[in-house]
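A look at the structure
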Amino acid sequence: MISFEIPPFIKNQMQLIEMVAKQAMRPFSRELDENEHARPTMFVNMTWPFAQEMVKRTLKGLEKPEGGNGSNGSNGQAKARTGPDYSILALIMMIEQLSWGDAGQYLCLPHPMLGGAAVDSAGTPAQRLRFLKKFTEGTPKWGAMAITEPMAGSDNSSMRTTAVFDEETKEWILNGEKIFITNGKLALEESDGLCVVWATVDPKAGREGIKSFVVEGHTPGVSIAKQEHKLGIRASDTVSLHFDNARIPFENLLGSPEVRTQTTSKGFQGAMKTFDSSRPAVAASAMGIARAALEFAQERLAEEGIKVDYTKPLHALTAVERDLMEMEARYKGAWLLTLRATAQMSHGESNRLEASMCKYRAGEAVTWITQKAVELLGPLGYSRELLAEKWMRDAKINDIYEGTKQINQLIVARSILGYSRRELK
Ligand SMILES: Cc1cc2nc3c(=O)[nH]c(=O)nc-3n(C[C@H](O)[C@H](O)[C@H](O)COP(=O)(O)OP(=O)(O)OC[C@H]3O[C@@H](n4cnc5c(N)ncnc54)[C@H](O)[C@@H]3O)c2cc1C
């Protein structure tokens, strides 16, 4: 059964996160928006100790993994589940609050992030320990995940980055280009972090040939080809990566190296499983921005004496009051869907449908809510004096990455109507 009660440890954690959002993020929002590619140093320094603790919690019990020997194989669980895993809810709530502070800065959290989600989904317990332990010690580190290529975005079967196995050195050799990679520079050039790179071991095999590989920071043959200039989340690091005969150890392949066998399908499914956890995370970030815009609009309008009277019927409300009500309804609907997908994850249940549903809904809600906030605030909403226009720009990315709005809609439709990928595309 799913409970909406928030455990006390998360409530305590949220007080600290709220303080970070208010003191280390909001005051720097405008400055970092106007100085793209500058780093949110205060946010990084404040959150690094906390981020390390979070990773430590998730690695607990992995020191002696049962069935994980460091080689590639099935993604076994380290120990049997004894109850809901609340660390997932803690993460989702933290993402929402940090994105309320500033979504671009939140994406710079020194944490394995998407790279960690990919290692968790497709790696063995021994691989999780090996790759993620460094996020619990030393100087700040970042994680990233690289799927998108110039000719492969929504349709990743046309991926061209290759991984060729060198029998002599027992290494994989990566060649190709990845574009629009969040935290790519922070993970690979500015720290000893990691990036999970999707590449094909057999270009003729389509999706079945696609595998995920862990590329660690400062690997020779990996370079930053371009730093993006963006519409929103401008504090976030977004780059193109170039792989020129980059060599990585055999053991850095997540899942099975085989192609066209049952095990392999599982390997690809393991990689796809990353989205089951990353989509609720994106939805949570969208919800943080939506709440920022909603609260701000409510406060500003309340100062002008405009407040929703929930006891009045809809026809007795003004147009502005109805807009405020609709903003709140869309926010709450999308947030509840996000919590549902999160609760399923915490209980170890499949959430593929709900992960896409909440991502789709949250992306749509945040773009609508932030536009409404700009509209309701009048010319000031459009001015750089306030953050409303920035939230509107920050919002749009949630409709794009981790599967666009249209792609998540397709996944939901296929799942509900029982169509295969081939039947409904
Ligand atoms: C700021 C930013 C950060 C990013 N971070 C990362 C990252 O960290 N790692 C990473 O790998 N990628 C990242 N991306 C890339 C992002 O995931 C892709 O842009 C996204 O998946 C869409 O792929 P595409 O750009 O190739 O668009 P396309 O796939 O070419 O799609 C273009 C349009 O066509 C629509 N479309 C495509 N196929 C269909 C269909 N079958 N039915 C209906 N509509 C369809 C899409 O919804 C979209 O509207 C990032 C992008 C941005 C902008």
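Please read all numbers here as calculations on a predicted model, not as lab measurements. Per chain, residue numbering runs from 1 following the sequence as it is written. Residues qualify for local features only when their pLDDT is at least 70, as the model is predicted, and side-chain atom pairs are given and counted only at 80 or more; totals for whole chains, interfaces and linings, by contrast, use all residues. Only heavy atoms go into the side-chain values, all of them from the structure, while hydrogens and water stay out.

**Considerations on the site of the ligand**
Near, as used in this document, describes a residue that has one of its heavy atoms within 4 Å of the molecule or strand being considered. Taken together, 19 residues lie near the ligand, and Thr148, Ser154, Phe180, Thr404 and Gln406 sit nearest. Identification of polar contacts relies on pairs of N or O atoms within 3.5 Å, with a donor-acceptor requirement for protein atoms, meaning one able to donate a hydrogen and the other able to accept it, and with residues adjacent in sequence counted only if both atoms are side-chain atoms. Ile147 is positioned with one of its backbone polar atoms (N or O) 2.7 Å from an oxygen atom of the ligand. Between the ligand and Gln406 there is a distance of 2.7 Å, counted from an oxygen atom to a side-chain nitrogen or oxygen. Protein contact buries 65% of the 970 Å² of open area that the ligand shows by itself. Comment: elements are numbered from the N terminus, with helices defined as DSSP H or I runs of at least four residues and strands as E runs of at least two. When contributions to the shell around the ligand are tallied by element, the ones reaching two or more residues are strand E1 (143–146), strand E3 (171–182) and helix H13 (405–417). A per-class count over the shell around the ligand returns ten nonpolar, seven polar and two charged. Per-residue and other accessible areas were derived by the Shrake-Rupley procedure at a 1.4 Å probe size, with only the shown protein chains allowed to occlude residues. Charged means Asp, Glu, Lys or Arg here, nonpolar means Ala, Val, Leu, Ile, Met, Phe, Trp, Tyr, Cys or Pro, and polar covers whatever is left, Gly included.

**Some words on the state of the cysteines**
Any pair of cysteine sulfurs within 2.5 Å is marked as a disulfide. Per the counting criterion, the structure on display carries zero disulfides. For the unlinked cysteine Cys108, the closest cysteine sulfur is that of Cys195, found at 15 Å. Burial status follows relative accessibility: with a 1.4 Å probe on protein chains alone, a residue under 20% of its type maximum counts as buried, one over 50% as exposed, and anything between as partly exposed. With relative accessibility at 1%, the residue Cys108 sits in the buried group.

**Quick word on the packing of helix H4 (residues 86–106) against helix H9 (residues 319–346)**
Angles shown run from 0 to 180 degrees and are taken between the N-to-C directions of axes, each axis being a line fitted to C-alpha atoms and, for helices, limited to the stretch in contact. Running from amino to carboxyl end, H4 crosses H9 at an angle of 150°, the nearest separation of the two axes being 9 Å. Accordingly, the angle class assigned to the pair H4 and H9 is roughly antiparallel. Once H4 is placed against H9, the crossing between them reads as right-handed. Where H4 abuts H9, its residues Ile88, Leu89, Ile92 and Glu96 lie against Tyr331, Trp335, Thr338, Leu339, Thr342, Met345 and Ser346. Orientation labels follow simple angle bins: below 35 degrees gives roughly parallel, above 145 gives roughly antiparallel, 65 to 115 gives roughly perpendicular, and whatever is left gives oblique. Each crossing is labelled by how the near helix is turned from the far one, with a counterclockwise turn of less than a right angle marking it left-handed and a clockwise turn marking it right-handed. We call two residues contacting when some pair of their heavy atoms lies within 4.5 Å.

**Re the pattern of salt bridges**
Between Lys or Arg on one side and Asp or Glu on the other, a salt bridge is scored when a side-chain nitrogen of the former is within 4 Å of a carboxyl oxygen of the latter. The tally for this structure, following the rule as stated, stands at 36 salt bridges. Between Glu189 and Lys185 there is a salt bridge, and its shortest N-O distance comes to 3.3 Å. Here Lys332 and Glu328 are joined by a salt bridge, their closest N and O atoms 3.2 Å apart. On the criterion of helical spacing, the pair formed by Lys332 and Glu328 is a turn pair, its members being four residues apart in helix H9. Accessibility expressed as a relative area gives 14% for Glu328, which makes it buried.

**Notes on the side chain of Asn252**
Tracing the sequence through the fold places Asn252 in the loop between strand E7 (238–249) and strand E8 (253–254). A residue is classified by how much of its surface remains accessible, and Asn252, at 1% relative accessible area, is buried. Within the structure, the side chain of Asn252 is placed 2.6 Å from the side chain of Arg130, a separation counted as a polar contact. Once you skip the residues sitting within four places of it in the chain, Asn252 turns out to touch Arg130, Phe131, Ser212, Phe213, Val214 and Glu216.

**Details of the nonpolar core**
In these notes, a set of buried Ala, Val, Leu, Ile, Met, Phe, Trp, Tyr and Cys residues joined through side-chain atoms within 4.5 Å is what counts as a nonpolar core. In terms of nonpolar packing, the biggest core is built from 63 residues, with Leu98, Met287, Met327 and Ile369 touching the most fellow members. Sorting the residues of this core by element identifies helix H1 (8–25), helix H3 (41–59), H4, helix H8 (262–303), H9, helix H10 (352–376) and helix H12 (388–395) as the ones contributing at least two each. Considering each element in turn, this core owes the most residues, 14 residues, to H8. Leaving out residues up to four positions away in the same chain, Ile369 has contacts with Ala290, Ala293, Leu294, Met327, Arg330 and Tyr331. Formed by 24 residues, the second largest nonpolar core is a distinct cluster that contains Val44, Ala146, Ile181 and Leu253.

**Brief notes about H3**
Along its 19 residues, H3 runs 26 Å from first to last C-alpha, staying within 8% of the 27 Å computed at 1.5 Å per residue. Buried within H3 we find Phe43, Val44, Thr47, Trp48, Phe50, Ala51, Gln52, Met54, Val55 and Leu59. Tucked into the core, H3 has its buried residues touching H1, H4 and helix H6 (125–132). Take the residue count of a helix, subtract one, and multiply by 1.5 Å to get its expected span.

**Digging into the confidence of the model for the protein**
As a per-residue quantity, pLDDT reports the predictor's confidence and falls between 0 and 100. For the protein, per-residue confidence averages 91 on the pLDDT scale, and residues scoring 70 or more make up 92% of the total. This stretch, residues 65–79, has a pLDDT under 50; its non-local contacts, to residues over four places away or in other chains, come to 28 contacts.

**A short note on a nonpolar patch on the surface**
Nonpolar side chains (Val, Leu, Ile, Met, Phe, Trp, Tyr) within 5 Å and like charges within 9 Å form the patches, drawn only from residues with over 30% relative accessible area and no salt bridge. Among the surface-exposed residues, Leu16, Met19, Met42 and Met46 lie close enough to one another that they form a single nonpolar patch of about 310 Å² accessible area. Secondary-structure elements contributing two or more residues to the nonpolar patch are H1 and H3. The class for Met46 is partly exposed, based on a relative accessible area of 31%.

**Some details on the packing of aromatic side chains**
The rule is short: rings of Phe, Tyr and Trp, with Trp giving its six-membered ring, pair when the centres are within 6.5 Å, and they are stacked under 30 degrees, edge-to-face over 60, tilted in between. Under the definition given, this model contains six aromatic pairs. A connected cluster of aromatic rings, assembled from ring pairs, spans Phe165, Trp172, Phe213 and Phe250. In this analysis the charged atom, NZ for Lys or CZ for Arg, is taken to sit over a ring once it is within 6 Å of the ring centre and within 35 degrees of the ring normal. Sitting over the ring of Phe275, Arg279 keeps its end group 4.3 Å from the ring centre. Across the ring face of Trp368, the terminal group of Arg330 is positioned such that the distance to the ring centre comes to 3.8 Å.

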